[in-house]
Amino acid sequence: MAPVVLSLGVITTSVAQESQNSENPQTSQSTESTKSEESSQDNELSSAIEEGIEVIDIIKRDTTTESALDSRLEGDKEALDNVFAITQHRQNYLLPFTHIKNPNSAGNQDLTEENVDSKEAKFQLSMKLPLYMEDTGFDGVYFGFTLTSFWQLYNSEVSKPFRETNYEPEVFWQKTGDYSVLGYKFNTFQVGFNHMSNGQSGLRSRSWNRIFASIVFSDDDDIYYLKTWYRVPEDEKEDPLDPSGDDNPDIQDFYGRFEFGYGRKIGAFKMLALWRNNLDFNDNRGSIQLDVTYPMSDRYDLLIQYFNGYGDSLIDYNRSQERIGLGFQVKFL
């Protein structure tokens, strides 16, 4: 409203000056100069106000704008209202059939490079539950757990064993965002402690601990995810069979130090991509995973998953793999 009031003030002054000029022509030159200066000041003030509004609009509190992640977050809120419910953490899916180009037999004592099957099933179970919740919303401290298994379902030669299973418990603090920046709505921020292990011992043992931070933001059609971590240092093993010490000291060189996720809805299809990278330009490694889903029902989606790179599993952290699988998942987005 301020620019309007100022403009009205200038108009009133101008009318009075024109009346004086008609009575006293000698003052016209002075009046014109005054009008020019006031007009210039008014334009400068209006411009400054507009610039101020633009700056305010870049970062603003936002609790009403809709985004592509709203339905997922709303589902979490409803589930948390039920004291008996456990909510999804990451994706929950079953891929009855996957094909892997370079299967690693090291995760199971009965498997060898000769009898390991390139066809196997893969499934993931992931949940979270609150340990402490703030009075409003669903900000608080959570426990999360993710299990990912690789099952030699079609390998009758060695009694269909599990080739590898990874366990990933974590504790994290989650904050729900209610700010928009340049049109992007910041949905959640997390910081926490993560442990990842394959539950094996001796030469098959793989594990590491991380302190991580992640953020999720979105607009009407797209979802973006950024995550980075600091690996908690471990002592070097004096002997490869020593149960204590670092099982995989070079894991970040292959698995990565950073990951970026992107999701988008394309008609009835939904796409979710995850890219990891070690951020080493001289010896760059990482991976890409692409999930494409199509609704089967209100609860389940058909899933096609493609993976290429390092870190398909912990036993494969330093072995490049290419995998494609078909199955279904519990609706995630």
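That block above? That's the structure.
Here goes a summary of the coordinates provided.

A separate point is the pairing of strand S5 (residues 140–151). Two faces, one strand: in a regular strand the side chains alternate between the faces of the sheet. Both strand S4 (residues 119–133) and S5 contribute to a ladder of 12 bridges, which runs antiparallel. Within S5, the position partnered with Met133 by the bridge is Gly140. What sits between S4 and S5 in their antiparallel hairpin is a turn of six residues, with Gly137 showing a positive phi close to 70°. Where S5 lies against strand S6 (residues 162–181), 12 bridges are found, and the strand directions are antiparallel. Of the residues in S6, the one forming a bridge with Phe150 is Glu164.

Despite not being glycine, Ser159 has its phi angle at roughly 65°, a positive value. Here Ser159 lies in the loop between S5 and S6. Here the phi dihedral of Leu279 falls at roughly 60°; this positive angle occurs in a residue that is not glycine. Mapped onto the elements of the fold, Leu279 is located in the loop between strand S11 (269–277) and strand S12 (286–295). Using a relative accessible area of 49% as the deciding quantity, one classes Leu279 as partly exposed.

Moving on, we get to the pattern of salt bridges. Using the criterion set out here, one finds 18 salt bridges in the structure. Close ionic contact of Asp246 with Arg231 constitutes a salt bridge, the shortest N to O distance being 2.7 Å. One end of the pair, Asp246, is in the loop between strand S9 (222–231) and helix H4 (251–255); the other, Arg231, is in strand S9, and 15 residues separate them in sequence. On the basis of relative accessible area, Asp246 is assigned to the buried category, the value being 10%. One network of salt bridges, with partners in common, ties together Glu120, Arg163, Asp312, Asp316 and Arg323.

Here we come to the nonpolar core. In this structure, Met196, Trp208, Trp229, Ile251, Tyr255 and Leu314 are the most contacted members of the largest nonpolar core, which totals 13 residues. Counting residues per element, the ones that place at least two in this core are strand S8 (207–218) and H4.

Turning next to a nonpolar patch on the surface. On the surface, Leu94, Ile266, Phe269, Tyr294, Met296, Tyr300, Leu302, Ile304, Ile324, Leu326 and Phe328 cluster together into a nonpolar patch covering about 990 Å² of accessible area. Those elements that place two or more of their residues in the nonpolar patch are strand S13 (300–309) and strand S14 (321–330). Looking at the secondary structure, you find Phe269 in strand S11. By relative accessible area, which is 44% here, Phe269 ends up partly exposed.

The sheet contact formed by S8 and S9 spans nine bridges and is antiparallel. Each residue of the ladder has a partner; that of Ala213, found in S9, is Thr228. Count of turn residues in the S8/S9 antiparallel hairpin: three residues. Here seven bridges tie S9 to strand S10 (residues 258–266), and the two strands are oriented antiparallel to one another.

The rules we used
- Residues numbered from 1 in each chain as written.
- Predicted model: local features only at pLDDT ≥ 70, side-chain atom pairs only at ≥ 80, totals over all residues.
- Heavy atoms only, no water.
- Pairing = 2+ DSSP bridges.
- Helix = DSSP H or I, 4+ residues; strand = E, 2+ residues; numbered from the N terminus.
- Buried < 20%, exposed > 50% of the residue type's maximum accessible area, 1.4 Å probe, protein only.
- Salt bridge = Lys/Arg side-chain N within 4 Å of Asp/Glu carboxyl O.
- Core = buried A, V, L, I, M, F, W, Y, C linked by side-chain atoms within 4.5 Å.
- Patch = residues over 30% accessible without salt bridge, like charges linked within 9 Å, V, L, I, M, F, W, Y side chains within 5 Å.
- Areas by Shrake-Rupley, 256 points an atom, 1.4 Å probe, with all protein chains shown as cover.

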